[in-house]
Amino acid sequence: MCGICGVIGKTNVVPQLLTGLRNLEYRGYDSCGVAVIADGTIHLRKNVGAVEEVEQKEQFQELEGFIGLAHTRWATHGGVTRANAHPHLSCSGDFALVHNGIIDNYRPIKAWLKERGHQFLSQTDTEVIVHLIEEYFRESGEIEPAFRKALARLEGSFALALISTHDPHTLFCARQESPLIIGVGNGNMYLGSDMNAFVEYTREVICLEDGEYAVVRRDGVTIRQMQTGKRVVRACEQMPDEGYTINDKGKYQHFMLKEIAEEPEVVQKALEIEDEAIIRLARTVAQSAHVYLTGIGTAFYVTLIAQHYFARLADRYIPALSSDEFPFLAQVGRGSTVIAVSQSGETIDTLRALRYAKERGATTAAVVNVPSSSMVREVDQAILQGAGPEICVLSTKSTVSQVIILLRVALELAVLEGKLEARMKEQYEQELASLPALLTDLIASLPAQVRVPAYEYAKVHNWFFIGRGVYSAVALESALKFKESSYLHAEGMSGGFLKHGTIALIDETTSTAAFVPPPEEKELFALTLSSIQEIKARGGFVLGIHQEGDGSEEKFFDAEIVLPAVSPLVAPVVALTAGQILAYYTALALGRSIDKPRALAKSVTVT
Ligand code: F6R
């Protein structure tokens, strides 16, 4: 959600800024800009569009400077216009600022600044910050006190970075509830919303915490608390090599397809995560009076799937709550544990849920893909997915990896609680071990079943996705993937829920994708077929996603996606991947912007 990059060096830093900008684009892509200081002046170029488009329009590479900022935007306040793109300048043009987050009290500040003669060019909340700093600078003639005084007036969430012609050797930055890190390397200093801003140049990182600001010069960094001004001593950390963006699609047309193709490898990695970390979390769950799972979007649907695995394997009901609603429902305190799921580890709703739990004395844990993320640093127990960079804004490979990790925790919990015999555990482990090969075959063969029919699916404007039991969660996730990639309306729900209202919408213009469980799951299988019949009776088109040879296709479907016959333990994962492939080819048939769908961003750091 908005990408910030800043560099100060002893040679022209524009190439590094542009690399950072490209690598951060997945955080927002409606407009972008670059500002550098050269010859005592701030040179600013910005415009509307994705990074590549704006680079061409604005010829960023013509800029030169030893210090600069870059920003890629995901609009919150103010439309997608050139004026609203960052960086923003103060009236004098002596200060330039970029921001990620939301300033809740920007209106009164703006009114106050207007009374003092400041002129605003944008509708953004961000612009008030740079004018506020300028206003306080007029009083004191010093940047740092002006910066700090301005920060003290801001309410809301922000990661921000400032440059000024009054001190062209310094980057000023601050963090409050939005991620910001400092990179140290090659005689240069970097700022970034995440590691991708400078990953090609350094892995040495100093992480800012909430409520801190930093003064960054080539020869060092001074961190202080915003409120007290007290100095904070923080050492550099060496970040691991995995989990960062590499902008290379290889032979694939889209990152989404590339990342789906990586699922067998990612599942293997999830299976190879040290037992110790998995057992530690299972033990924490076993010892906790109340446990919650939380996440949002796809990550929430992962927790819903995990909820079924915990219930089924370990006889343990662990409620899954969407992290945005978590504080309004969860009863947490000492003796409770909250397990969050997040690819980015920066999603503000999920971070807030964890902070809420932590403040009340709960133990916090998270399954996260990005090692340098805030969540990894904040929780008591983090399990790193090791799924590698996920560039497509739509989550695919990290989703299956998260499911496997939580499934492993459920298995260990079942063992700890005496709910699973050693023989059964061994069998389940064998089934899991066979999953990478199964997914490899599926990913190679399924496109042949989906690619051509997808042109017909693309013509249907209203879709329902249904399933029963764990497949209701698979249906919710598949509907989300389908709608965000294709922009077709898709609603996921349990098959049982459909007849309590939504069935009123079923007619010959609507299509339903129905996930049919393996026939061994007799009750779920029968219930799903009943739901399908109810749809057929009302003239609805049904796309059955079912296992080969299960007999379900004989009577019911208008179209089908046939999956391999696999065990009930791994079948939901196979169905998830099938849902992703269906979404991909439908979006492809519609010529959608698959890797960067409109209005979305990879890392949602605003509420
Ligand atoms: C959908 C998708 C989103 C994310 C959600 C949470 O394809 O990717 O719904 O799952 O924004 O993101 P993380 O997992 O980074 O917390």
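What you see is a predicted model; the values in this text were computed from it and never measured.

Calculation criteria
- Residues numbered from 1 in each chain as written.
- Predicted model: local features only at pLDDT ≥ 70, side-chain atom pairs only at ≥ 80, totals over all residues.
- Heavy atoms only, no water.
- Domains from an automatic or database assignment.
- Contact = heavy atoms within 4.5 Å.
- Buried area = accessible area lost by both parts, 1.4 Å probe.
- Salt bridge = Lys/Arg side-chain N within 4 Å of Asp/Glu carboxyl O.
- Polar contact = N/O pair within 3.5 Å; in protein donor to acceptor, adjacent residues only side chain to side chain.
- Pairing = 2+ DSSP bridges.
- Helix = DSSP H or I, 4+ residues; strand = E, 2+ residues; numbered from the N terminus.
- Axes fitted to C-alpha atoms, helices over the stretch in contact; angles between N-to-C directions.
- Buried < 20%, exposed > 50% of the residue type's maximum accessible area, 1.4 Å probe, protein only.
- Core = buried A, V, L, I, M, F, W, Y, C linked by side-chain atoms within 4.5 Å.
- Expected span 1.5 Å × (residues − 1).
- Parallel < 35°, antiparallel > 145°, perpendicular 65-115°, else oblique.
- Left-handed = near helix turned anticlockwise from the far one by under 90°.
- Nonpolar A, V, L, I, M, F, W, Y, C, P; charged D, E, K, R; others polar.

Peer 1: Is there a simple way to explain the domain arrangement of the protein chain in this structure?
Peer 2: Frequently, the measure chosen for interface size is the accessible area removed from exposure when the parts meet. The domain architecture assigned to the protein chain consists of domain 1 (3-238), domain 2 (255-433) and domain 3 (439-593). Between the C-alpha centres of domain 1 and domain 2 the distance comes to 34 Å. The partner domain 2 presents 10 residues to the 11 residues of domain 1 that form the contact. Overall, the association of domain 1 and domain 2 removes approximately 850 Å² of surface from exposure, summing both partners, and the carbon and sulfur fraction of that is 46%. Run the count over domain 1 and domain 2 and you get two salt bridges. Between the two partners, domain 1 and domain 2, sit two residue pairs in polar contact (both at pLDDT 80 or more).

Peer 1: I keep staring at the sheet that holds strand β12 (residues 212-217) and nothing clicks. Help me out?
Peer 2: Read from one edge of the open sheet, seven strands run β5-β6-β7-β8-β12-β13-β14, paired in antiparallel fashion. Sheet topology places β5 (88-89) and β14 (231-232) at the edges, where each strand pairs with a single neighbour. Strands β5, β6 (95-103) and β7 (156-164) of the sheet are contacted by helix α4 (residues 126-140), whose axis makes an angle of about 130 degrees with β6.

Peer 1: I keep staring at the pairing of strand β4 (residues 67-73) and nothing clicks. Help me out?
Peer 2: Every other side chain in a regular strand lies on the same face of the sheet, so the side chains alternate between the two faces. Of all seven residues making up β4, seven are buried, and the element is well covered by its neighbours. Of the two faces of β4, the one carrying I67, L69, H71 and R73 and the one carrying G68, A70 and T72 are both buried. As defined by bridge partners, strand β1 (residues 3-8) adjoins β4 across six bridges and the pair is classed as antiparallel. Directly across from I4, in β4, lies its bridge partner H71. As paired strands, strand β2 (residues 31-38) and β4 are joined by six bridges and run antiparallel to one another. Residue pairing across strands places V36 opposite G68, the latter belonging to β4.

Peer 1: Explain the nonpolar core to me, please; I cannot follow it from the model alone.
Peer 2: Where a protein is soluble and globular, its nonpolar side chains tend to be buried together. Formed by 94 residues in total, the largest nonpolar core has its most connected members in Y309, W463, F465, L543, I545, L563 and L582. With 12 residues, the top contributor of residues to this core is helix α20 (residues 571-589). Both domains that furnish three or more residues to this core are identified here as domain 2 (255-433) and domain 3 (439-593). If near-sequence neighbours (up to four positions away) are discounted, I545 is found in contact with A513, A514, F515, V516, I561, L563, A578 and L582. If you look at the next biggest cluster of nonpolar residues, it comprises 28 residues, including I103, L113, L160 and L162.

Peer 1: Just to check I follow, could you spell out helix α13 (residues 397-416) for this structure?
Peer 2: An α-helical turn contains 3.6 residues, so any two residues separated by three or four positions project in the same direction. Here α13 spans 29 Å end to end across 20 residues, near enough to the 28 Å set by a 1.5 Å rise per residue. For α13, the tally of buried residues reaches 18 of 20 residues, placing the bulk of the element in the interior. Positive backbone phi, at 70 degrees, marks G418, one or two positions downstream of α13.

Peer 1: How should the packing of helix α7 (residues 263-272) against helix α15 (residues 435-450) be read in this particular structure?
Peer 2: Two numbers describe a pair of packed helices, the interaxial angle and the distance between the axes. Two elements in contact, α7 and α15, have axes separated by 8 Å at closest approach and are oriented at 170 degrees. Considering the angle they form, α7 stands roughly antiparallel to α15. The two elements α7 and α15 cross, and the hand of that crossing is right-handed. Packed against α7, whose contacting residues are E263, P264, V267, Q268 and L271, the element α15 presents L435, P436, L439, T440 and I443 at the interface. Of the residues contributing to the contact of α7 with α15, the split by class is seven nonpolar, two polar and one charged.

Peer 1: Sorry if this is basic, but what is going on with the pattern of salt bridges here?
Peer 2: Once the charged atoms of two side chains with opposite charge are near each other, the side chains can pair. Tallied over the full model, the rule gives 31 salt bridges. For R355, the salt bridge is made with D210, and the minimal N-O distance between the two is 3.6 Å. One end of the pair, R355, is in helix α11 (residues 348-359); the other, D210, is in the loop between β11 (204-207) and β12, with 145 residues separating them in the sequence. Judged by relative accessible area, which is 28%, D210 ranks as partly exposed. Each member of the salt-bridge network shares a partner with another, and the members are E115, R116, E134, E135 and R138.

Peer 1: Sorry if this is basic, but what is going on with the sheet that holds β2 here?
Peer 2: Strand order in the open sheet formed by eight strands is β3-β2-β4-β1-β10-β9-β11-β15, with antiparallel pairing between adjacent strands. The two strands at the open ends of the sheet, each matched to only one other strand, are β3 (41-48) and β15 (237-238). Bridging between strand β9 (residues 181-185) and strand β10 (residues 188-192) involves five bridges; their strand directions are antiparallel. Each bridged residue has a counterpart across the sheet, and for G185 the counterpart in β10 is N188. Lying over the sheet, helix α1 (residues 14-24) contacts β1, β2, β4 and β10, oriented at roughly 165 degrees with respect to β1. Sheet contacts for helix α2 (residues 51-58): β2, β3 and β4; angle to β3, the most-contacted strand, approximately 125 degrees.

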